[in-house]
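In case you want the letters, here they are:
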Amino acid sequence: MTRYEEAKKIYAGIGVDTDAAIAMLKEIPVSLHCWQGDDVIGFDHDGPLTGGIQTTGNYPGKATTPEQLLQDMDKVISLTPGKKKLNVHACYAIFEDGEFADRDKLEPKHFAKWVEFAKERNMGIDFNPTFFSHDKVKDGLTLSSPDEETRKFWIEHGKACIRISEYFAKETGVPCVMNIWTGDGYKDIPADRMGPRIRYKESIEAILAEPYDKNLVKPCVESKVFGIGVEAFTAGSAEFSLSFAAMHDGCLPLMDNGHYHPTEVVSDKIPALLAFFPEIALHITRPIRWDSDHVVLFDDETKEMAKEIVRNNALDRVYMALDYFDASINRISAWTVGFRSWQKALLSALCTPNEMLKKLQDENRMSELMVMQEEIKTYPFGDVWAEYCAQCGVAAGAEWFKEVEAYEQEVLLKR
Ligand code: RNT
Ligand code: ZN
């Protein structure tokens, strides 16, 4: 008997069908963010990253051209199991020879290369307007700015992004999740906390007034507790974003698990929102102290979030996207570890006897529930993971890192 056959038998003993778990995971799309490859810079400006987010580190070999970034993404795709969707930011517009369009004037054609790339690989695309790293960010504000011209510019940007999102959906045949996040806020105590939020609300409403097909474009609003340099006040707080989504039909709440106070957990928020919203969206990341964007690992909270999605049968109601950026280590490795970690979390959740555990809870057999939850932790999950990777044609173990090292020598260090 192979190790997988052995493991399959052990899992069958608790009513888990590992073949079915593997088959299911192969069909679940997870969005791979393009911005891990170049430290969230993009191709439409020369300036630094702004907007309350920051990358730290200067590991060599980052992508500086569309060709390099797409080549790097292909490498990551080749090292990771599972179905993927691309996640692109508006600042990653690809302009042909000398042409340029500012954010408010972006058109589908500026993303034709992304569509070509996605189609060739049978992937859908998610999209994000970029409300940062731009000189029209006035005093740290965009959609909530008291300056009308500033707000207008960013509303036009949002509308352009709706049109581009619809183009992505039509071209790929897969709905496009369009996420609105701004770093709008204040470093120190404001005198007016409501004014900026009313303006933010009205600006998002103006963006969503752009006509679009609700089956093709899924707008979301992402909340945040604070950003670097905007510690005192964030316009798009948790209450703001959640309320906005709740009050606007077709708009989804997006929770980034790096955007809450340290003892709050998104795993507990997922089922709460699923009790109300038909669909929700997630940014999967790893917060450490003040930073919200470390590489995703196969850690307890990551596993817990995956469990909440799987055991509530919500794999088709939760849009899952990765969101982190680390410039201090090999970027291909960072990208790959994060994607593989979320795949592990999903597979592990699919290999959990969820119905049996729920029954123990409902019958108040809490001692047994604790015993079982602890027992499952040492089940031979690694053998199921290895089988899944083999079926997907990727290395199950750390062998993949050898390929990253070779790629670093042959490609990254020559840039
Ligand atoms: C920032 C938000 C946001 C960004 C990306 C690049 O705190 O998480 O989602 O990380 O849009
Ligand atoms: Zn995010």
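Here the structure is shown first, and the text comes after it.
Since we're looking at a predicted model, the values are computed, not measured.

About the criteria used
Residues numbered from 1 in each chain as written. Chains lettered and ligands numbered in written order. Predicted model: local features only at pLDDT ≥ 70, side-chain atom pairs only at ≥ 80, totals over all residues. Heavy atoms only, no water. Helix = DSSP H or I, 4+ residues; strand = E, 2+ residues; numbered from the N terminus. Rg over C-alpha atoms; globule rule 2.2 N^0.38 Å. Buried < 20%, exposed > 50% of the residue type's maximum accessible area, 1.4 Å probe, protein only. Contact = heavy atoms within 4.5 Å. Areas by Shrake-Rupley, 256 points an atom, 1.4 Å probe, with all protein chains shown as cover. Lys, Arg positive; Asp, Glu negative; His and termini not counted. Charge placed at Lys NZ, Arg CZ, Asp CG, Glu CD. Core = buried A, V, L, I, M, F, W, Y, C linked by side-chain atoms within 4.5 Å. Donors = N, O, S within 2.8 Å, 3.2 Å for Na, K, Ca; no water. Tetrahedral: all angles 85-135°; square planar, octahedral: opposite > 155°, others 65-115°. Near = heavy atom within 4 Å. Polar contact = N/O pair within 3.5 Å; in protein donor to acceptor, adjacent residues only side chain to side chain. Nonpolar A, V, L, I, M, F, W, Y, C, P; charged D, E, K, R; others polar.

The next point concerns the overall build of the protein chain. A tally of regular secondary structure across the protein chain gives 14 helices and 12 strands. A globule of 415 residues ought to have a C-alpha radius of gyration of about 22 Å, and the protein chain, at 22 Å, matches this closely. Its C-alpha atoms give the protein chain principal-axis dimensions of about 65 × 55 × 40 Å. Of all 415 residues assigned to the protein chain, the portion counted as buried reaches 56%. Contacts spanning at least 24 positions in sequence make up 79% of the contacts within the protein chain whose residues lie at least 6 apart. On the protein chain, roughly 18100 Å² of surface is accessible, and the fraction owed to carbon and sulfur atoms is 52%. A gap of 1 Å separates the mean positions of the 47 positive and 67 negative side-chain charges of the protein chain.

This part is about the nonpolar core. One finds Trp114, Met320, Trp342 and Leu347 to be the most contacted residues of the largest nonpolar core, which totals 123 residues. The element best represented in this core is helix α10 (residues 331-350), accounting for 10 residues. Setting aside residues no more than four positions away along its own chain, Trp342 makes contact with Val30, Ile284, Thr302, Met305, Ala306, Ile309, Met320 and Leu322. Membership of the second largest hydrophobic core comes to six residues, among which are Val177, Cys220, Leu252 and Tyr319.

Okay, the coordination of the zinc ion (ligand 2) next. Looking at the zinc ion (ligand 2), one finds its protein donor set to be Glu222 (OE), Asp256 (OD), His283 (ND1) and Asp323 (OD), positioned 2.1 to 2.2 Å from the metal centre. If you look at the zinc ion (ligand 2), its six donor atoms make angles of 72 to 174° with each other, and the shape they trace is octahedral. Each donor residue of the zinc ion (ligand 2) belongs to the same chain, with the gaps between them written as E-x33-D-x26-H-x39-D. Here Asp256 is found in strand β8 (residues 252-256), whereas its partner Asp323 is found in the loop between β12 (318-322) and α10, with 67 residues between them in sequence.

Around ligand 1, the structure places Trp35, Val40, Ile53, His89, Trp181, Glu222, Lys224, Asp256, His259, His283, Asp323 and Phe325. In this structure, Glu222 approaches ligand 1 through a side-chain N or O atom, which is 2.7 Å from an oxygen atom. Within the contact set of ligand 1, an oxygen atom lies 2.8 Å away from a side-chain nitrogen or oxygen of Asp323. Relative to its free-state accessible area of 310 Å², ligand 1 is covered by the protein chains to the extent of 99%. Classifying every residue of the shell around ligand 1 gives five nonpolar, three polar and four charged.

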